[in-house]
Amino acid sequence: VDPYHLLSERKKNAICNQINVMIESMEEFEEVGLQHYIVFPNPEDTEAFLAEVEDAGYDIFVEENGQEVNLIKNSQLEHEGLEKEILSLAQLAAEFTGAYKGWAVKIDE
């Protein structure tokens, strides 16, 4: 059974390709801070999702509308781990009717 069955093949492939690009462009780093963007249709779904991730080590920021969430966490710059983390987040968001919108790299200078 595909653990990411709620994600389209297109979405999964896009995430994996983005991971490859990120790793290639950041070879000098072992670890990166990733900021994930997730949007929910209503604040109730946001709250239910946050209850699931509150112990996962993310810094959590919720927009005032209660529907947009940013999760920030340092991750090893290694494909398998990043793929599992990002696809798992996208899958979990989908379970709570949310949409995983991608991530940005946060580098502490």
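In case you missed it, the structure is sitting above this.
Residues numbered from 1 in each chain as written. Predicted model: local features only at pLDDT ≥ 70, side-chain atom pairs only at ≥ 80, totals over all residues. Heavy atoms only, no water.

Trainee: Which residues make up the environment of isoleucine 15, and what values do they have?
Mentor: Relative to the elements of secondary structure, isoleucine 15 occurs in helix H1 (residues 9-25). Residue isoleucine 15 is classed as buried on the basis of its relative accessible area, which comes to 3%. Residues isoleucine 15 and glutamate 83 lie 68 residues apart in sequence; the distance between their C-alpha atoms is 7.6 Å. (Helix = DSSP H or I, 4+ residues; strand = E, 2+ residues; numbered from the N terminus. Buried < 20%, exposed > 50% of the residue type's maximum accessible area, 1.4 Å probe, protein only.)

Trainee: An account of the packing of aromatic side chains is needed here, citing residue identities and associated values.
Mentor: What the rule picks out here adds up to 2 aromatic pairs. The interplanar angle of 40° and the centroid separation of 5.0 Å between the aromatic rings of phenylalanine 40 and phenylalanine 49 together place this pair among those described as tilted. Residue class for phenylalanine 40 comes out buried when judged on its relative accessible area of 2%. Each residue in the set Phe40, Phe49 and Phe96 is aromatic and connected to the rest through ring pairs, giving one cluster. Lysine 73 extends its terminal NZ or CZ atom over the ring of tyrosine 58, reaching a point 4.5 Å from the ring centre. (Phe/Tyr/Trp six-rings, centres within 6.5 Å; stacked < 30°, edge-to-face > 60°. Lys NZ or Arg CZ within 6 Å of the ring centre and 35° of its normal.)

Trainee: Provide a residue-level description of unusual backbone geometry, including the pertinent values.
Mentor: Of all residues except glycine, most have a negative phi; of all peptide bonds, most are trans. Its identity is not glycine, yet threonine 97 carries a phi of approximately 60°, on the positive side. On the secondary structure map, threonine 97 appears in the loop between helix H3 (79-95) and strand S4 (99-106).

Trainee: Got a sec to walk through the nonpolar core? Specific residues and values, please.
Mentor: Ranked by internal contacts, the top residues of the largest apolar core, which has 27 residues, are Ile15, Phe49, Leu71, Tyr100 and Trp103. At the level of elements, H1, strand S1 (31-39), helix H2 (43-53), strand S3 (68-76), H3 and S4 are the ones that each hand at least two residues to this core. With 7 residues, H3 is the single largest residue contributor to this core. Discounting residues that sit within four places of it in the chain, tyrosine 100 has contacts with Lys11, Ile15, His36, Tyr37, Ile38, Ile86, Leu89, Ala90 and Ala93. (Core = buried A, V, L, I, M, F, W, Y, C linked by side-chain atoms within 4.5 Å. Contact = heavy atoms within 4.5 Å.)

Trainee: Can you explain the sheet that holds S1? Please cite residues and give values.
Mentor: Pairing is antiparallel across the open sheet formed by 4 strands, whose spatial order is S2-S3-S1-S4. Both edges of this open sheet fall to strand S2 (59-62) and S4, since each of them pairs with a single strand only. The mean angle between the axes of side-by-side strands here comes to 25°, regardless of whether they run parallel or antiparallel. As paired strands, S2 and S3 are joined by 4 bridges and run antiparallel to one another. By the bridge assignment, isoleucine 60 is partnered in S3 with leucine 71. (Pairing = 2+ DSSP bridges. Axes fitted to C-alpha atoms, helices over the stretch in contact; angles between N-to-C directions.)

Trainee: Lay out the environment of phenylalanine 40 in plain terms, naming residues and giving numbers.
Mentor: Relative to the helices and strands, phenylalanine 40 resides in the loop between S1 and H2. Note: C-alpha distance between phenylalanine 40 and alanine 56 (16 residues apart in sequence) is 19 Å.

Trainee: I'd love a proper account of a negative patch on the surface, names of residues and values included.
Mentor: A cluster of acidic residues, Glu52, Glu54, Asp55 and Glu95, forms a negative patch on the protein surface. Here aspartate 55 shows up in the loop between H2 and S2. (Patch = residues over 30% accessible without salt bridge, like charges linked within 9 Å, V, L, I, M, F, W, Y side chains within 5 Å. Areas by Shrake-Rupley, 256 points an atom, 1.4 Å probe, with all protein chains shown as cover. Salt bridge = Lys/Arg side-chain N within 4 Å of Asp/Glu carboxyl O. Lys, Arg positive; Asp, Glu negative; His and termini not counted. Charge placed at Lys NZ, Arg CZ, Asp CG, Glu CD.)

Trainee: Explain the packing of H1 against H3 to me, and be specific about the residues and the numbers.
Mentor: The contact between H1 and H3 brings their axes to 10 Å, and the two run at 140°. Taken together, the axes of H1 and H3 are oblique relative to one another. Between H1 and H3 lies a crossing whose hand is right-handed. Of the residues in H3, those in contact with Lys12, Ile15, Cys16, Ile19, Asn20, Met22 and Ile23 of H1 are His79, Leu82, Glu83, Ile86, Leu87 and Ala90. When the residues that make up the contact of H1 with H3 are grouped by side-chain class, the tally is 9 nonpolar, 2 polar and 2 charged. (Parallel < 35°, antiparallel > 145°, perpendicular 65-115°, else oblique. Left-handed = near helix turned anticlockwise from the far one by under 90°. Nonpolar A, V, L, I, M, F, W, Y, C, P; charged D, E, K, R; others polar.)

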